[in-house]
Amino acid sequence: MAEELPAAAAARMAQIRASGTWGSALTSDEFAAIRGVGFDPVGQVFGAAVYSVGHDGYRCPATWRPPAEAKQAELKQAALKQATQVSGPGDPGSFGPLVRAMGQARQTAMDRLVAECRQLGGHGVVGVRLSIGSFPAGGPEFLAIGTAVRAQGAAPAPGEPFTSGLSGQDFAKLIMTGWVPAGLVLGISIGSRHDDLPTARQTRVTTGNAEVAGWTELVSESRRDARRQLEGDVRRFGAEGVVIETMPLRVRQRDCPAQVGRHDHVVEATFTGTAVARFAAGGSRQARPTLTVMSLNPERDQVSRIRI
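Being a predicted model, the structure only gives us computed values, none of them experimental.

(A) Just the nonpolar core, in detail. Counting 16 residues, the largest nonpolar core has V45, M110, L113, L120, V125 and V128 as the members making the most contacts within it. For this core, the secondary-structure elements that each account for two or more residues are α1 (7-19), β1 (39-50), α4 (96-119), β3 (124-134) and β4 (140-151). In terms of residues, this core owes the most to one element, α4, which gives four residues. Setting aside residues no more than four positions away along its own chain, V45 makes contact with L113, E116, C117, L120, V125, A144, I145, G146, T147 and A148. Judged by nonpolar contacts, the second largest core, of 12 residues, contains A49, V99, M102 and V266.

(B) Quick peek at the packing of aromatic side chains. In total, this model carries three aromatic pairs according to the counting rule given. Ring geometry for F162 against F171: centres 5.8 Å apart, planes inclined by 15°, an arrangement best described as stacked. Of the two residues examined, F162 and F171, each falls in the buried class. Pairwise contacts between aromatic rings join F39, F162 and F171 into one cluster. In this structure, R236 packs its charged tip against the face of F237, placed 4.6 Å from the ring centre.

(C) Representation of the packing of helix α2 (residues 28-36) against helix α5 (residues 168-176) in the model. For the pair α2 and α5, interaxial distance at closest approach is 7 Å and the crossing angle is 20°. One element, α2, and the other, α5, form an angle in the roughly parallel class. Judged by the twist between their axes, the crossing of α2 over α5 is left-handed. Residues D29, E30, A33 and I34 of α2 touch α5, and the partners they reach there are G168, Q169, F171 and A172. Partitioning the contact of α2 with α5 into residue classes produces four nonpolar, two polar and two charged.

(D) Spotlight on the pattern of salt bridges. According to the stated counting rule, one finds 10 salt bridges in the structure shown. Among the ionic pairs, R224 bridges to E221, the shortest N-O distance being 2.6 Å. With a gap of three residues between them, R224 and E221 both fall in helix α7 (residues 213-236), about one helical turn apart. The exposure class assigned to R224 is partly exposed, which follows from its relative accessible area of 43%. In this structure, a network of salt bridges that share partners links the residues R106, D233 and R236.

(E) Inspection of the sheet that holds β3 at higher detail. Strand order in the open sheet made by the four strands is β1-β4-β3-β5, with mixed pairing throughout. The sheet is open, and its two edges are formed by β1 and β5 (162-163), each paired on a single side. Bridge count for β1 against β4 is 11 bridges, and the pairing is antiparallel. Counted as the bridge partner of V50 is E141 from β4. Packed on one face of the sheet, α2 meets β1, β3 and β4 and runs near 120° to β1.

(F) Structural view of α5. Buried within α5 are the following residues: G168, F171, A172, L174 and I175. In a view along the axis of α5, the buried residues occupy a sector of 160°, so they form one face of it. On its buried face, α5 is in contact with α2, β1, β3, β5, β6 (179-194) and β9 (263-278). Looking one or two residues beyond α5, the residue adopting positive phi is G178, at roughly 90°.

(G) Fine view of the environment of Q253. Note that Q253 resides in strand β8 (residues 249-255). We classify Q253 as partly exposed; its relative accessible area is 49%. The spatial distance from the C-alpha of Q253 to the C-alpha of V266 is 6.1 Å, given a sequence separation of 13 residues.

(H) The arrangement of the confidence of the model for the protein in detail. Mean pLDDT over the protein: 79, with 75% of residues reaching 70 or higher. No element of the protein has a lower mean pLDDT than helix α8 (residues 298-307), at 49, and none a higher one than β5, at 95. Note that residues 303-308 has pLDDT below 50 and, in this model, zero contacts with residues that lie over four places away or in other chains.

Thresholds applied
Residues numbered from 1 in each chain as written. Predicted model: local features only at pLDDT ≥ 70, side-chain atom pairs only at ≥ 80, totals over all residues. Heavy atoms only, no water. Core = buried A, V, L, I, M, F, W, Y, C linked by side-chain atoms within 4.5 Å. Buried < 20%, exposed > 50% of the residue type's maximum accessible area, 1.4 Å probe, protein only. Helix = DSSP H or I, 4+ residues; strand = E, 2+ residues; numbered from the N terminus. Contact = heavy atoms within 4.5 Å. Phe/Tyr/Trp six-rings, centres within 6.5 Å; stacked < 30°, edge-to-face > 60°. Lys NZ or Arg CZ within 6 Å of the ring centre and 35° of its normal. Axes fitted to C-alpha atoms, helices over the stretch in contact; angles between N-to-C directions. Parallel < 35°, antiparallel > 145°, perpendicular 65-115°, else oblique. Left-handed = near helix turned anticlockwise from the far one by under 90°. Nonpolar A, V, L, I, M, F, W, Y, C, P; charged D, E, K, R; others polar. Salt bridge = Lys/Arg side-chain N within 4 Å of Asp/Glu carboxyl O. Pairing = 2+ DSSP bridges. Arc of directions from axis to C-beta. pLDDT = per-residue confidence, 0-100.

The structure is reproduced here in structure tokens:
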């Protein structure tokens, strides 16, 4: 469903169309690379969304208990859930509501970016930079900015414009090797773990150099869950793979709401990338003109000939 642009954005698009000029977030090298594979920039596009989250869904993992009628297998899983929770599977007390709000905010921002591209007659958006932050009044804030491009000599595409986080040079390399970007993809997971007694013992100064197994599990499970969300996004675009661009990891500590003087650790794992699909048979390389390279240092060239 096409996203309706906010009034300010619609007015900006009308002004760009009326001016007959375009702007971009491209460097001169990116501009040259994109032109080299048959695309022209048509304008800078932008999308933003701020969502309010009533309750992030968090509850200390140590406070969750299985129902009294739980079976033995569920009791075993309960022991794990009391230690580490991640948002993807919807673990009780996890940050599921917050992650869902972040997903909705991101989708709204990207829909508005694509709507601006469509308004300018573009076939896609390259060099998309997606920033995720917290609005001062509360709630996740997503900002997306990029440059809309159009294939030279082609009419506006009837379908959905593509989005890509690749630079202009990488976009050109992708096109030249028979691949196209399908869309910008994202995977987010927020995991939490209560610092139980084993973890507390492993972090004492007297323990010396030792792995903190609980924190390793928290980081691993959060990254694994974020990757699952990313793979689901790739499938949604019908793409074959993804070129991952960033995968930051943020770790913070918070006071345990259930046990005074104890702490919980929270990990936010994020994967961003560009889903890609093949449009030309693999291995088929087009013949390219021969490139002549001349030495810019005649003296060194002369020395090389003497040595030979």
